[in-house]
Amino acid sequence: MKILAIETSCDDTAASVYDDLQVLSNVISSQYFHSKYGGIIPELASRAHLTAISEIVSQALVNASQSMESIDLLAVTVEPGLQGSLVVGSSFAKGLSIKYNKPLIPINHIEGHLYSSMIDNKELKFPFVSLVVSGGHTALFLVYSFSEYKVIGLTKDDAAGEAFDKIAKLLGLPYPGGPHIDELAKSGNPNKYKFPRPMLSENNFDFSFSGLKTSVRYFLQKNFPLNDFGTEIHNISASLQEAIVDVISQKSINAALKHNISQISISGGVSANSRLRNKLSENASKKGIQLFMPNLSYCLDNAAMIGFLASKKYKAKPADYVDYSFTVNSKPLRAKSK
Ligand code: KG4
Ligand code: ZN
């Protein structure tokens with residue numbers, strides 16, 4: 001069974017062919033131009049998807065040595081994300097599906113990340129704890145099967161990636177700032193400055209990162225009023241990265257221990273963070289917990305994870321996908337404030 005999957009929920013136009021056992025192609029076109037605005041401009045994102053999508057889908061078919069005739073199913077991200085961006089991918093997929101008379105599987109982007117460590121790691125088995133950390137989400141799940149999972153923790157405000165990006169902006173770094181902070185932190189001292197570890201001591205699995213951002217803002221205003229960080233930017237980056245990494249790794253380990261689960265998966269853009277990968281892997285193994293991470297090409301937004309999950313969903317319940325009665329939904333997952 002060959003699946004053509006399309007993902008356009010944010011600022012990456014992505015397409016992939018998945019054949020049940022392996023990813024045959026994984027093509028991504030990233031909209032780097034948002035960098036000059038310091039963040040994503042939704043209106044420009046949807047226009048750029050419209051320009052790119054046809055070429056990206058063709059490229060995914062060519063790279064997989066397939067044509068539309070040899071594809072059995074289509075899959076597309078329909079939630080959550082930027083409304084206009086979601087509409088471009090889902091309309092394109094719906095058009096192909098009608099023209100070629102193939103079933104279309106609507107997929108939730110977060111669910112795509114949730115299972116993405118399973119694409120390459122055959123040893124990752126249910127149940128596992130899954131941490132999705134991206135620019136839009138920070139969420140902890142207990143995952144029991146491809147159709148059953150429970151949300152046990154959510155961010156109340158900013159997502160971890162959003163915190164990296166907003167703090168990076170304060171440091172004068174380009175958008176998205178996460179990878180820049182990761183790089184600068186490699187030659188910095190993570191213990192030089194003590195930033196808060198929000199909600200770490202609370203007895204739940206929710207997150208909150210907006211206070212950390214404010215605390216870094218005040219710290220910078222007080223100590224670097226001219227925004228002249230010099231080489232100290234390495235120590236600042238390492239210290240604030242350590243605060244974020246400590247919170248998300250400790251909460252994930254606590255969730256596994258509390259629920260007596262011995263496997264953790266991390267996914268989403270922030271799971272590309274080198275310090276998070278090392279520290280969580282080290283701390284988890286001290287507790288006898290195994291850590292699974294997607295291959296780096298499936299960490300950031302991609303369509304391979306959408307095709308992978310669609311193949312599992314379709315196989316379980318093919319009768320659910322005989323019409324096109326889905327709509328797009330932009331609303332992110334957030335914890336309720338008390
Ligand atoms: O999953 P993703 O590609 O898109 C969303 O669904 O949001 O994640 C993008 C986020 C951005 O906030 C970016 O700064 C962050 O992932 N990110 C990183 C790293 N690489 C990407 N954050 C920290 N360290 C990294 N190496
Ligand atoms: Zn994502």
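Structure: above.
Predicted, not measured: the structure shown is a model, and the values here were computed from it.

S.K.: Let's hear about the layout of surface pockets: which residues, and what values?
M.R.: Volume-wise, the largest pocket comes out at about 1300 Å³. Considering the residues around the largest pocket, the lining is formed by 45 residues, among which Cys10, Asp11, Gly135, Asp165 and Tyr175 are closest to the centre. Of all the elements in the fold, those that place two or more residues in the lining of the largest pocket are strand E3 (23–30), helix H3 (109–114), helix H4 (160–170) and helix H5 (178–185). If one sorts the elements of the lining of the largest pocket by residue count, H4 sits on top with six residues. The residue makeup of the lining of the largest pocket includes at least three contributed by each of domain 1 (3–113 + 299–320) and domain 2 (123–293). Roughly 170 Å³ of volume is contained in the second largest pocket. Taken together, Phe146, Ser147, Lys312, Lys313, Ala316, Lys317, Asp320 and Tyr321 make up the lining of the second largest pocket. For the lining of the second largest pocket, a count of residues per class yields three nonpolar, one polar and four charged.

S.K.: So what's going on with the sheet that holds strand E4 (residues 73–79)? Residues and values would help.
M.R.: Taken in spatial order, the five strands of this open sheet run E3-E2-E1-E4-E5, and their pairing is mixed. One side of each edge strand has no neighbouring strand; the edge strands of this open sheet are E3 and strand E5 (104–108). Strand-to-strand twist of the sheet, defined as the mean angle between neighbouring strand axes without regard to direction, takes the value 20°. With seven bridges joining them, strand E2 (residues 12–18) and E3 adopt antiparallel strand pairing.

S.K.: Just give me the short version of the coordination of the zinc ion (ligand 2), but keep the residues and values in it.
M.R.: Coordination of the zinc ion (ligand 2) by the protein is provided by His109 (NE2), His113 (NE2) and Asp301 (OD), with metal-donor distances spanning 2.1 to 2.2 Å. Donor residues for the zinc ion (ligand 2), ordered by position in the chain, follow H-x3-H-x187-D. Here the residue His109 and the residue His113 both occupy positions in helix H3, the gap between them amounting to four residues, near one helical turn. Note on His113: relative accessible area 0%, which makes it buried.

Definitions and cut-offs
- Think of each chain on its own: its residues are numbered from 1, step by step along the sequence as written.
- All chains are assigned letters beginning at A, and all ligands numbers beginning at 1, according to the order in which they are written.
- Owing to the predicted nature of the model, reporting of local features is limited to residues with pLDDT of at least 70; listing and counting of side-chain atom pairs is limited to 80 or more, with chain, interface and lining totals taken over all residues.
- The side-chain figures draw on all heavy atoms in the structure; neither hydrogens nor water molecules are used.
- Residues are said to line a cavity or pocket when one of their atoms sits within 4 Å of a point; the points come from a 1 Å grid over protein atoms alone, cavities being sets where a 1.4 Å probe fits but cannot get out and pockets being open sets with protein on both sides within 12 Å along at least five of seven lines.
- Grid points are joined across faces, edges and corners, and a volume is the space filled by probe spheres set on the points.
- Runs of H or I in DSSP of at least four residues are treated as helices and runs of E of at least two as strands, each being numbered from the N terminus.
- Domains are outlined according to an automatic or database domain assignment.
- Under the scheme applied, nonpolar residues are Ala, Val, Leu, Ile, Met, Phe, Trp, Tyr, Cys and Pro; charged residues are Asp, Glu, Lys and Arg; polar residues are all the others, including Gly.
- When DSSP finds at least two bridges between two strands, those strands are taken to pair.
- Each axis is a line fitted through C-alpha atoms, and for a helix only the stretch in contact is used; angles between axes span 0 to 180 degrees, taken between their N-to-C directions.
- Note that water is not among the atoms considered, so a metal site may appear incomplete; the donors listed are N, O and S atoms within 2.8 Å of the metal, with 3.2 Å applied to Na, K and Ca.
- We call a residue buried when its accessible area falls under 20% of the maximum for its residue type, exposed when it is over 50%, and partly exposed in between, using a 1.4 Å probe and counting protein chains only.

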